[in-house]
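Results of the structural survey
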Amino acid sequence: ICDCPGPTTMFVARRPDGGLFGAEQRQAMIAALRAQPAGTTAWFAAPGNDPAAVARAEALRSIWIAAGWAVPEVQRLEFQPRDGLLLLAADDPPAPSVGAVAAALDAAGLEVRVRAGYRAFVEHQRATGSSGPLLALAPDQAFVLVVGRE
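Heads up: these notes are all about the structure in this document.

Each value, and the rule that gives it
Residues numbered from 1 in each chain as written. Predicted model: local features only at pLDDT ≥ 70, side-chain atom pairs only at ≥ 80, totals over all residues. Heavy atoms only, no water. Helix = DSSP H or I, 4+ residues; strand = E, 2+ residues; numbered from the N terminus. Buried < 20%, exposed > 50% of the residue type's maximum accessible area, 1.4 Å probe, protein only. Contact = heavy atoms within 4.5 Å. Pairing = 2+ DSSP bridges. Axes fitted to C-alpha atoms, helices over the stretch in contact; angles between N-to-C directions. Right-handed = clockwise from strand over helix to strand, strands pointing away.

Turning to the side chain of R61, a few remarks are in order. On the secondary structure map, R61 appears in helix α2 (residues 51–66). A residue is classified by how much of its surface remains accessible, and R61, at 15% relative accessible area, is buried. Beyond its immediate sequence surroundings of up to four residues, R61 is in contact with F44, V71, P72, E73 and V74.

On to the sheet that holds strand β2 (residues 75–77), then. Each strand in a sheet pairs with its neighbour through backbone hydrogen bonds, running either in the same direction (parallel) or in the opposite one (antiparallel). Here 5 strands make up an open sheet; going across it, the order is β2-β1-β5-β3-β4 and the pairing mixed. Edge positions in the open sheet fall to β2 and β4 (112–115), since each of these has one partner strand only. Within this sheet the neighbouring strands show an average axis-to-axis angle of 25°, counted without direction. Relative to strand β5 (residues 143–147), strand β1 (residues 44–47) runs parallel, the two sharing 2 bridges. Counted as the bridge partner of A45 is V146 from β5. Across the face of the sheet, helix α3 (residues 96–107) comes into contact with β3 (85–89), β4 and β5 while running at roughly 165° to β3.

All right, on to the pairing of β1 then. What you see with β1 is no split at all: F44 and A46 on one side and A45 and P47 on the other are buried throughout. For the crossover from β1 across α2 to β2, the handedness is right-handed.

In short, the description is geometric, and any link to function would need to be established separately.
Take a look at the structure:
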């Protein structure tokens, strides 16, 4: 929120009442996502036992596809992640596609937590014998957007 004395050039799309994403939000996300080349890959995950989270992930997936990205099916998690949106970037610094995803969500007025270096974190957790749930990334996977409860 800006407490500027006048209008600004920043635009954040409004969220519709009762819907997943409104037309303004979709257009704002598509415009931001088109900063990356067509065919850029995006990955989504949601808890398989949470139909609302899966529906949000599927709705986001359709927006990414409309923007020209390549998006495999939403991965169904066997554990309940934290609420909200969590963008797990494989590397630190993250790939440029991670910045485009964060910018798209921000343009739509959606809050997302970004965690860089997730691949190294997973390796460390496995090496130390951690028993907590981990989301494995494929070798060519730059990130995963985890969609939890709203």
